[in-house]
Amino acid sequence: MDSSLTPPENLWYPYVQMKNRPEYPEIVRAEGCILFTRDGRELIDGISSWWSVIHGYNHPALNKVLVDQANRFSHVMLGGLTHQPAQLLAAKLAEICPGDLNHVFFSDSGSVAVEVAVKMAIQFHRNQGNSEKRRIISLSGAYHGDTFKTMELGDDSDFTGAFSHVLPDTVRVNVPKGGYNAEEADLKSPIAELQDTVVRHHPQTAALIVEPILQCAGGFRIYSPAYLDAAREICDRHNVLLIYDEVATGFGRTGRLFAANHANAVPDIMVIGKALTAGYLGHAATIASNKVYRAFLSNESSKALMHGPTYMGNPLACAVAFEGIRLFQEENYLEKINHIHQLIVQEFEKICSEKIVEKRAIGGMGVIEVKSSATLSNFRSFAIERGVWIRPFASYLYVMPAYVISDEQLLKILRVMREFFD
Ligand SMILES: Cc1ncc(COP(=O)(O)O)c(C=O)c1O
């Protein structure tokens, strides 16, 4: 074997060619929205560690519940045992989720929680004697995770290209264009396409899965809530379940607690993760409606949901999540997010370049899409030199900060984005 190909590193990093990855800043401490590096830099974090750290780093209240829970017990299995942190969090999620999404199944990551949602949807139909309904329809531009089923549902070859020869064909419909306030005319064709697709495939289709209102990793596209209401009606007419993947959008990112809150429609199954545990521990939840849950109640054990990640309902994760939701509700986060939105929109106005295709913003997310990904290739080092941490990918330069970010910090991030294009 050619020794020059022998990787010098034990730690294998995500989404990168290890042979020539750039040097990464080493973080030794983090506080609020600031990352402190070993070589003495202070970086304002503009992307809240893949959108999870909504309350900022090293939060005293979250630290306290974590330590208190660790002093009681850090983990016990949920198979055959139970505990209050999981019970309390499940009850809290049932309270804050829309409609009758009352039944909470925990898992350890967003991808796994989407897998669970798909399993629930397929078994929902099977438990009622219909094993034919096993397809999942998804949207163009979707991203639902990196496990096999979630790659299959996603639509971004940057993530799935290496497996294109393994992944089965899926039924996919076009995500609506025109943004949040799309005209009826813009929605006509995607709704008609969804209607036609569901009519054609419903005997084999268990569910439609969408990232409601905002697609993130697949391209930061924003679409109208009216599409969700139309999708709900179409699904209902054809006995197809509706799944919302709110792993990225949940907990305020679109300006409401959940993206679902922008529409009247309520999904049958909703998936949350990321901000659920505020960047403390990997955890996620798949939340089912009464109708879905009831289809699993039976005297036959074969109708039970056969899934059980080792760390599901981890007490540390549940305690932190419960406290995070309390902070969100008691400290008026929706107002903070609205303010972040105003600043993003105001400063984006000042950013102009012929390299830009579009600037988009919703809630606590702003993205600048450029014509060529090469444009952004040195943004990361440009920003680090100026004390900002942002990791653009493909042709998207985006900001998704912690909601506790100060005006000064956010304005600095947005100024660095502007200077890059000046
Ligand atoms: C919409 C959506 N679904 C699922 C996932 C996967 O979550 P995880 O990285 O926790 O597996 C992500 C992650 O970015 C996501 O944005």
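Residues numbered from 1 in each chain as written. Predicted model: local features only at pLDDT ≥ 70, side-chain atom pairs only at ≥ 80, totals over all residues. Heavy atoms only, no water.

Glancing now at the packing of aromatic side chains. Where two aromatic rings form a pair, the distance of their centres and the angle of their planes describe that pair. Inspection of the entire model under this criterion finds 22 aromatic pairs. Between the aromatic rings of Tyr13 and Tyr24, the centroid separation amounts to 5.0 Å while the plane-to-plane angle is 80°, which identifies the pairing as edge-to-face. Taken together, the positions of Tyr13 in the segment before strand 1 (27-31) and Tyr24 in the segment before strand 1 put the pair 11 residues apart, joining distant regions of the chain. Using a relative accessible area of 24% as the deciding quantity, one classes Tyr13 as partly exposed. Ring geometry for Phe379 versus Phe382: centroids 6.3 Å apart, planes at 35°, classification tilted. Here Phe379 pairs with Phe382, and both are found in helix 12 (residues 379-385), just 3 residues apart, close to one helical turn. Take Phe379: its relative accessible area is 0%, and that puts it in the buried class. Three or more aromatic residues link up through ring pairs in this structure, and these residues are Tyr15, Trp50, Trp51, Tyr143, Phe159, Phe220, Phe393, Tyr396 and Tyr398. Just above the ring of Tyr24 sits the side chain of Arg21; from NZ or CZ to the centre is 4.4 Å. (Phe/Tyr/Trp six-rings, centres within 6.5 Å; stacked < 30°, edge-to-face > 60°. Helix = DSSP H or I, 4+ residues; strand = E, 2+ residues; numbered from the N terminus. Buried < 20%, exposed > 50% of the residue type's maximum accessible area, 1.4 Å probe, protein only. Lys NZ or Arg CZ within 6 Å of the ring centre and 35° of its normal.)

The subject of this paragraph is the nonpolar core. Ranked by internal contacts, the top residues of the largest apolar core, which has 133 residues, are Leu93, Phe220, Phe251 and Met417. Broken down by element, the residue count for this core peaks at 8 residues, all from helix 4 (residues 110-126). Two domains each donate at least three residues to this core, and these are domain 1 (3-59 + 332-421) and domain 2 (73-330). Look past the residues within four positions of Met417 in its chain and what remains in contact with it is Phe348, Ile351, Ile368, Phe379, Ile390, Leu397, Tyr398 and Val399. (Core = buried A, V, L, I, M, F, W, Y, C linked by side-chain atoms within 4.5 Å. Domains from an automatic or database assignment. Contact = heavy atoms within 4.5 Å.)

Let's shift gears to the pairing of strand 12 (residues 284-289). Among the 6 residues in strand 12, 6 count as buried, and that is most of the element. Along strand 12, one buried face is formed by Ala284, Thr286 and Ala288 and the opposite face, lined by Ala285, Ile287 and Ser289, is buried too. When strand 4 (residues 101-107) meets strand 12, the two strands line up antiparallel, connected through 6 bridges. Bridged to Phe105 within strand 12 is Thr286. (Pairing = 2+ DSSP bridges.)

Relative to the 21 Å expected for 15 residues at 1.5 Å per residue, helix 13 (residues 407-421) spans 21 Å between its end C-alpha atoms, a close match to the ideal helical length. Restricting attention to buried positions, one finds in helix 13 the residues Gln409, Leu410, Ile413, Leu414, Val416, Met417, Phe420 and Phe421. Buried residues of helix 13, viewed axially, fall in a sector of 150°; they line one side. (Expected span 1.5 Å × (residues − 1). Arc of directions from axis to C-beta.)

A word on the environment of Gly363. Structurally, the position occupied by Gly363 is in the loop between strand 13 (356-362) and strand 14 (365-370). By relative accessible area, which is 7% here, Gly363 ends up buried. Spatially, the C-alpha atom of Gly363 lies 8.8 Å from that of Leu334, the residues being 29 residues apart in sequence.

Turning next to the pattern of salt bridges. Any two side chains of opposite charge can pair, given that their charged atoms come close. Applying the stated criterion to the full structure yields 20 salt bridges. The partner of Lys64 in a salt bridge is Asp68, with the nearest N and O atoms 2.7 Å apart. Here Lys64 pairs with Asp68, and both are found in helix 2 (residues 60-72), just 4 residues apart, close to one helical turn. For Asp68, a relative accessible area of 29% corresponds to the partly exposed category. The shortest N-O distance in the salt bridge between Arg232 and Asp236 comes to 2.7 Å. Here Arg232 and its partner Asp236 are both found in helix 8 (residues 225-237), 4 residues apart, which amounts to about one turn of the helix. Through salt bridges with shared partners, a single ionic network connects Arg232, Asp236, Asp268 and Lys291. (Salt bridge = Lys/Arg side-chain N within 4 Å of Asp/Glu carboxyl O.)

Moving on to the domain arrangement of the protein chain. In terms of domains, the protein chain is made up of domain 1 (3-59 + 332-421) and domain 2 (73-330). On a C-alpha basis, the centres of domain 1 and domain 2 stand 26 Å from each other. Taken residue by residue, the interface counts 28 residues in domain 1 and 32 residues in domain 2. Between domain 1 and domain 2 the total buried area reaches about 2500 Å² when both faces are included, carbon and sulfur atoms providing 65% of it. Put simply, domain 1 and domain 2 have 0 salt bridges between them. Connecting domain 1 to domain 2 are 13 residue pairs in polar contact (both at pLDDT 80 or more). At the level of elements, helix 1 (48-51), helix 11 (333-348), strand 13, strand 14 and strand 16 (396-399) are the ones that each hand at least two residues to the side of domain 1 that touches domain 2. (Buried area = accessible area lost by both parts, 1.4 Å probe. Polar contact = N/O pair within 3.5 Å; in protein donor to acceptor, adjacent residues only side chain to side chain.)

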